[in-house]
Amino acid sequence: MLDEQIVVPPGSLQETDEYHLILEYKAGEKWGSTRAPQANRFIFSHDVTNGAMSSLEMFVESLDEFDPDLVVLSGLHMMEGQGRALWEERLKEAVLAISDIREDIPIHLELASMTDKDYMNSIMQEQVIPIVSSIGLNEQELLFLSQAGEGPHADLAAWKGIPDVGRVSDILLWILELHGRSEPSSEADLTRIHFHTLAYHILATVDGYWGNQAAAVMAGARVASSQACGLQAVDPSKVELKAPLQFHSSHTEPREKLSLNPAEPVTVWRRGNVSFHLTAVLVCKLPLRTVGLGDAISAEGLVYSELKTQQPF
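Everything numeric here is computed off the predicted structure, so don't read it as measured data. (Residues numbered from 1 in each chain as written. Predicted model: local features only at pLDDT ≥ 70, side-chain atom pairs only at ≥ 80, totals over all residues. Heavy atoms only, no water.)

Chemist: Can you walk me through the overall build of the protein in this structure?
Modeler: The number of helices and strands found in the protein is 8 helices and 17 strands. Relative to the globule expectation of 20 Å for 313 residues, the C-alpha radius of gyration of the protein, 19 Å, shows essentially globular dimensions. Buried residues in the protein amount to 46% of all 313 residues. Considering only contacts in the protein between residues 6 or more positions apart, those separated by 24 or more positions represent 67%. As displayed, the protein offers around 17,300 Å² of accessible surface, 52% of which is attributable to carbon and sulfur atoms. (Helix = DSSP H or I, 4+ residues; strand = E, 2+ residues; numbered from the N terminus. Rg over C-alpha atoms; globule rule 2.2 N^0.38 Å. Buried < 20%, exposed > 50% of the residue type's maximum accessible area, 1.4 Å probe, protein only. Contact = heavy atoms within 4.5 Å. Areas by Shrake-Rupley, 256 points an atom, 1.4 Å probe, with all protein chains shown as cover.)

Chemist: Would you mind showing me how to read the sheet that holds strand β5 (residues 71-74) here?
Modeler: One key point about sheets: their strands pair by backbone hydrogen bonds, in either a parallel or an antiparallel sense. In spatial order, the strands read β5-β6-β7-β8-β9-β15-β14; together these 7 strands make up an open sheet with mixed pairing. Strands with a single pairing partner mark the edges of an open sheet, and in this sheet they are β5 and β14 (266-271). The average angle at which neighbouring strand axes cross in this sheet is 15°, direction not considered. Across 5 bridges, the pairing between strand β7 (residues 134-138) and strand β8 (residues 192-196) is parallel. Across the sheet, Leu-137 pairs through a bridge with Phe-195, a residue of β8. Where helix α6 (residues 165-179) meets the sheet, it contacts β8, β9 (200-206), β14 and β15 (274-280), and its direction lies at approximately 30° from that of β9. (Pairing = 2+ DSSP bridges. Axes fitted to C-alpha atoms, helices over the stretch in contact; angles between N-to-C directions.)

Chemist: In this structure, what is going on with the pairing of β9? I would like to understand it.
Modeler: Side chains on a regular strand alternate between the two faces of the sheet. For β9, a buried count of 7 out of 7 residues is recorded, marking the element as mostly surrounded by other parts of the structure. Here β9 shows two buried faces, one formed by Tyr-200, Ile-202, Ala-204 and Val-206 and the other by His-201, Leu-203 and Thr-205. As paired elements, β8 and β9 share 5 bridges and run antiparallel to each other. The residue bridging Phe-195 from the neighbouring strand is Ile-202, located in β9. The antiparallel pairing of β8 with β9 creates a hairpin that spans 3 residues between the two strands. Taken together, the 7 bridges between β9 and β15 define a ladder with antiparallel strand orientation. Its bridge partner being in β15, Tyr-200 is matched across the sheet by Ala-280.

Chemist: I tried to follow the environment of Asp-189 on my own but got confused; where do I start?
Modeler: Mapping Asp-189 onto the fold places it in the loop between α6 and β8. When its relative accessible area of 32% is taken as the criterion, Asp-189 is described as partly exposed. Sequence-wise, Asp-189 and Asp-164 are 25 residues apart; in three dimensions their C-alpha atoms are separated by 28 Å.

Such coordinate-based values are descriptive only and should not be taken to indicate function.
Given below as structure tokens:
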């Protein structure tokens, strides 16, 4: 069923299918006494191969022949359910495999929902996040990442409604300063975070490493609208604006008061040597699809991103 342009390493093929069961539901639908506040999905999976990241080494080996411009990794959340003994060992092996990828090839990691703080900490601090160039994540993953690492606003149990832009900005800056290359002397590779939530997206980048951020963040917002509505293009009659019209660059002082400008749909601010590009999402009123939106947003953003050639320090 895959597009013929997609090459699958023959050694990673297997006889039996894995199981992924996705239940999508609309806003207002009921399950027992619970009513859904918005359209979403619930995913069960029994996926032994991806749960152990069995094909990672084979994938990395195939890169020599494939010679990619970019590597995208996802599925780390699948290992969480395998138990600590397995993920601790496998994460070390995964880091070794990822480290074998040529240094001039950017690596993007797409995160997904997790519940084990120790596992998230291992991914963030010791292992994976410092050795990738870019990550993509949503509001739940962002807050959990901060809670696991005792970062900004970790005392928040959950977001109330649309996540506060200032708080999101604080956590993004903390990740890039603590676990990324916000300073030239840092050994970390992370210089880009693509954050997406229902009402708006933010692309946070360390200055000097990426270009074309405005187009990249707009492209991600556009595909979120069209794909959720099941359309090829955005239909203004089927979408609405839920983004805050005014917001702050940080939750704490000093901070800048910012606003959405319809004539310039990307709002930009800087904190230190990190640039933030925010754009509103035209939210689909009656979404037909919620599955894979984060992947589509990040992929579209990467297509429009320019990676600047780095001079050695």
